[in-house]
Amino acid sequence: MPGRVCVCTGVAESATRQTGPADLPYSVPALAAARLPGRAAGHHTVMSGETSGPGLFVILIGPSGAGKSTLLKAYLSADPTAVRVLSCTTRPPRAGEQDGVDYHFLSDSEFSRRRAAGTFLEYAQVFGRHGYATPREEVLTVVGAGRIAIKDVDVQGASQIRKAMPEAVQVFVAPSTLTEIERRLRDRATESEDAIRRRLAEAERELPYAERCDHRIANDDLGAALAELTAVIASERRRRG
Ligand code: ADP
Ligand code: 5GP
């Protein structure tokens, strides 16, 4: 039976764990984001100096349907100095998706060529079908310029990045329940029933990776999740600055 997702934050010194029912393996913490200025649910503008500091590669990890892209876009609108690193994929574009905006959409042969040339920081076959990869050069350029490079990856990609670039900040993102993930996948209506089932099965396998991440964010309320991500990035920059 799917349980609750463990999404306690790594920056929340004062967060109180709210323990879930005893038969569930996970508990959900109170979000620490209430300490941030102007963090009421909804739009959060990054305060001056809140994310200044050295360049940083931040990766958002979590099951499909967790809200990683949504949180990423919200962070980019709040912090215009941050740069989204686009993934390369062999998956065909969904309705409304554009090459160079949502992904670099590549043919299988071009993906293989770039992989063989070593241009990817990590790559994975996601859901056993399409290739997804992080272009190394884009990450290095943004971080080298002292900016935040941010993107989402699946758990396989995150494991590779842990080895190839251990200084990257790994942030696990998920709502508190698998039921909510399912609801979001169905509402998003971008996948077939078959694909939704595959993604949900994969979600259960991915959840334990949360424990290996530097930070965990509950994406129940988007405004609170955004405030928390902002706090995570600011704290990592302070720590390394
Ligand atoms: P992912 O990138 O992790 O696969 P998406 O960002 O595409 O997930 O989000 C999946 C669906 O859930 C989208 O329809 C999105 O609008 C919705 N969603 C994302 N975050 C929230 C949230 N905090 N509350 C409610 N719905 C959300
Ligand atoms: P989607 O097809 O829904 O856009 O993405 C499917 C999955 O691929 C998501 O879990 C997403 O995090 C993952 N993904 C997106 N970009 C990359 C990437 O560059 N590398 C890896 N390993 N996974 C990625």
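Anyway, here's the lowdown on the structure attached to this text. No experiment lies behind these values; they were computed from the predicted model shown.

Basis of the calculations
Residues numbered from 1 in each chain as written. Chains lettered and ligands numbered in written order. Predicted model: local features only at pLDDT ≥ 70, side-chain atom pairs only at ≥ 80, totals over all residues. Heavy atoms only, no water. Buried < 20%, exposed > 50% of the residue type's maximum accessible area, 1.4 Å probe, protein only. Helix = DSSP H or I, 4+ residues; strand = E, 2+ residues; numbered from the N terminus. Arc of directions from axis to C-beta. Contact = heavy atoms within 4.5 Å. Pairing = 2+ DSSP bridges. Axes fitted to C-alpha atoms, helices over the stretch in contact; angles between N-to-C directions. Phe/Tyr/Trp six-rings, centres within 6.5 Å; stacked < 30°, edge-to-face > 60°.

**Observations concerning helix H1 (residues 68-78)**
Okay, step 1: Listed as buried for H1 are Lys 68, Leu 71, Leu 72, Ala 74, Tyr 75 and Ala 78. For H1, the buried positions fall inside an angular range of 165 degrees around the axis, keeping them on one side.
Okay, step 2: Looking at the buried side of H1, the elements it contacts are strand S3 (56-61), strand S4 (83-84), strand S9 (148-153), strand S10 (169-174) and helix H7 (222-240).

**A word on the sheet that holds strand S6 (residues 104-105)**
Okay, step 1: Pairing within the open sheet is mixed, and its four strands lie in the order S6-S5-S8-S7. The open sheet has two edge strands, S6 and strand S7 (120-126), and neither has a second partner.
Okay, step 2: Here S7 runs beside strand S8 (residues 130-135); their pairing, made up of six bridges, is antiparallel. The residue of S8 that forms the bridge with Ala 124 is Tyr 132.
Okay, step 3: Where helix H2 (residues 108-116) meets the sheet, it contacts strand S5 (88-89), S7 and S8, and its direction lies at approximately 140 degrees from that of S7.
Okay, step 4: Running at roughly 30 degrees to S8, helix H3 (residues 136-144) makes contact with S6, S7 and S8 of the sheet.

**Some words on the packing of aromatic side chains**
Okay, step 1: Within this structure, the stated rule accounts for three aromatic pairs.
Okay, step 2: With a centroid separation of 5.6 Å and an interplanar angle of 55 degrees, the aromatic rings of Tyr 103 and Phe 105 are classed as tilted.
Okay, step 3: Residue classification places Tyr 103 among the buried positions, given a relative accessible area of 13%.
Okay, step 4: When the centroid spacing of 5.0 Å and the interplanar angle of 40 degrees are considered together, the rings of Phe 111 and Phe 120 count as tilted. The same class applies to Phe 111 and to Phe 120, which are both buried.
Okay, step 5: One aromatic cluster in this structure is built from Tyr 103, Phe 105 and Tyr 132.

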